[in-house]
Amino acid sequence: MSVDQVAIYAIFIDPVQEMKDRSSPANRQKSLKSGTPIAFVQAICLAYAKYGLDPAPALQRAQISPNLADPALTYVKPAQFEALSFIAMQELDDEALGWFSRKLPWGAYGLLCRASITAATLDLALRRWTRHHRILVEDIVMRLGVDDGVASISICETRELGAFREFCLVTLLRYVLGYACWAIDVRIPLLAAEFPFPRPDHVEVYSKLFANDLRFGADCARISFDAAYLSRNLQRDETALQKMLKRALPLTVLPYRRDQRLSARVAQVMSMPSAQLPAAEDLAEGFAISTRTLQRQLSKEGASLRDLKKKAWLERAQNALSRTAEPIKRVAKTAGFHSDKAFARAFKQATGETPSGYRKRRA
């Protein structure tokens, strides 16, 4: 998959559920209703028809029966839908799968991610997202609004979407929600979700994708959540974005699950400016786990609190030595050392040079 490709097709896939699907025939039968509605498969087939192509080979490669009119075929497995969507996006060269009056080639939604990732807060990121989406297409208008402590993301149609309407609006709302959760690394629970079309037969899927409070026949598509989330700082950088775009599945599962390892989250805390690096007890309390659990989980990830602290103080020291003119004593204190001699010994052991030598070389 292209680095810039944002895998919209992953929106309706839950990998945990998919693992359960394989565990037993009973689970496979039970979980089918939590799969992807056949209506969304039919929407992809409509995209093939729009571009004058036959969807049968793609359905066969995705192991989906070509007889979509079969009344017994109401849902498909998440992995089947994932495969079909990926194949369709490649063959049609359209990330929007026929929704709009123009194609959205590979990398279109990746541009939205890149335009938003440098924002300081989720508020600014979503405002960039909705504003820049109009550069891609004019068929819909996405807006972020705040009213009385409730934030909402709405989609208003400026052109008839026809048979693509449900699939388009559901996918776009799920995608922007998933991106928002990923950007701040927090699951954002929805207060309500509204849609401008009648209640579909597969309505039970909507409570899993959105919220229990659902409204159909609304004036536009809209999701609502507590506006307090908008003030959250983004927790991602360009490296994380590159990784996410290669595999967008964790971005769009419901509910959102933190995809950062504990060691990465500890490292983030360690990188915050502070006079002293936090103790194990303080870290454990902050993550709502016991100290033993903290150390055990770090060990499973091939890390240790001692190594993470060492890396943190070394990065602090190197930044201070290369970017400021602070005296060595003050740099040592900032790095967490009680004396500049102890700091110098530790620094030379870690880097092979003295703090003053490092500063001179960097200058």
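Calculation criteria
Residues numbered from 1 in each chain as written. Predicted model: local features only at pLDDT ≥ 70, side-chain atom pairs only at ≥ 80, totals over all residues. Heavy atoms only, no water. Helix = DSSP H or I, 4+ residues; strand = E, 2+ residues; numbered from the N terminus. Pairing = 2+ DSSP bridges. Axes fitted to C-alpha atoms, helices over the stretch in contact; angles between N-to-C directions. Contact = heavy atoms within 4.5 Å. Buried < 20%, exposed > 50% of the residue type's maximum accessible area, 1.4 Å probe, protein only. Right-handed = clockwise from strand over helix to strand, strands pointing away. Expected span 1.5 Å × (residues − 1). Core = buried A, V, L, I, M, F, W, Y, C linked by side-chain atoms within 4.5 Å.

**Quick look at the environment of lysine 333**
Consideration 1: Inspection of the secondary structure puts lysine 333 in helix α16 (residues 328-334).
Consideration 2: Separated by 57 residues in sequence, lysine 333 and glutamine 276 have C-alpha atoms that sit 8.7 Å apart.

**Regarding the sheet that holds strand β4 (residues 150-157)**
Consideration 1: Read across the sheet, five strands follow the order β3-β4-β7-β5-β6 without closing on themselves; strand pairing throughout is mixed. One side of each edge strand has no neighbouring strand; the edge strands of this open sheet are β3 (140-147) and β6 (214-216). Going from strand to strand, the sheet's axes swing by 15 degrees on average, the running direction of each strand aside.
Consideration 2: Where helix α7 (residues 122-136) meets the sheet, it contacts β3, β4 and β7 (221-226), and its direction lies at approximately 155 degrees from that of β3.
Consideration 3: Across the sheet, helix α8 (residues 165-184) lies against β3, β4, β5 (192-195) and β7, angled at about 150 degrees from β4, the strand it touches most.

**Considering the pairing of β5**
Consideration 1: Side-chain alternation along β5 places Ala192 and Glu194 on one buried face and Ala193 and Phe195 on a second face that is also buried.
Consideration 2: Strand direction decides the pairing type here: β5 and β7, joined by three bridges, are antiparallel. Residue pairing in the sheet places alanine 192 in a bridge with serine 224 of β7.
Consideration 3: Pairing of β5 with β6, which is carried by three bridges, proceeds in the parallel orientation. Paired with alanine 193 across the strands is leucine 214, a residue of β6.
Consideration 4: Considered for its hand, the β-α-β crossover made up of β5, helix α9 (residues 204-209) and β6 is right-handed.

**Topic: α7**
Helical geometry: 3.6 residues make up each α-helical turn, so side chains three or four residues apart lie on a common side.
Consideration 1: The end-to-end C-alpha separation of α7 is 21 Å, in line with the 21 Å expected for 15 residues at 1.5 Å each.
Consideration 2: The complete set of buried residues in α7 reads Leu122, Ala125, Leu126, Arg128, Trp129, Thr130, His133 and Leu136.
Consideration 3: Where α7 is buried, its residues meet α6 (108-117), β3, β4, α8 and β7.

**Brief notes about the nonpolar core**
Consideration 1: If you look at the biggest cluster of nonpolar residues, it comprises 86 residues, and the most contacted ones within it are Trp99, Phe100, Phe195 and Phe210.
Consideration 2: Here the element with the most residues in this core is α8; it accounts for 15 residues.
Consideration 3: Ranked by size, the runner-up nonpolar core spans 26 residues in total, among them Ala284, Phe287, Leu308 and Ala317.

**Let's talk about the pairing of β4**
Consideration 1: Judged from the eight bridges that link them, β3 and β4 form a sheet pairing that is antiparallel. Residue valine 141 lies in a different strand from β4, and its bridge partner there is cysteine 156.
Consideration 2: The hairpin turn running from β3 into β4, its antiparallel successor, is two residues long, and aspartate 148 in that turn takes a positive phi close to 55 degrees.
Consideration 3: Sheet topology places β4 next to β7; six bridges connect them, and they run antiparallel. Note on β7: the bridge partner recorded for serine 154 is arginine 222.

Functional significance is not addressed by these values, which are geometric in nature.
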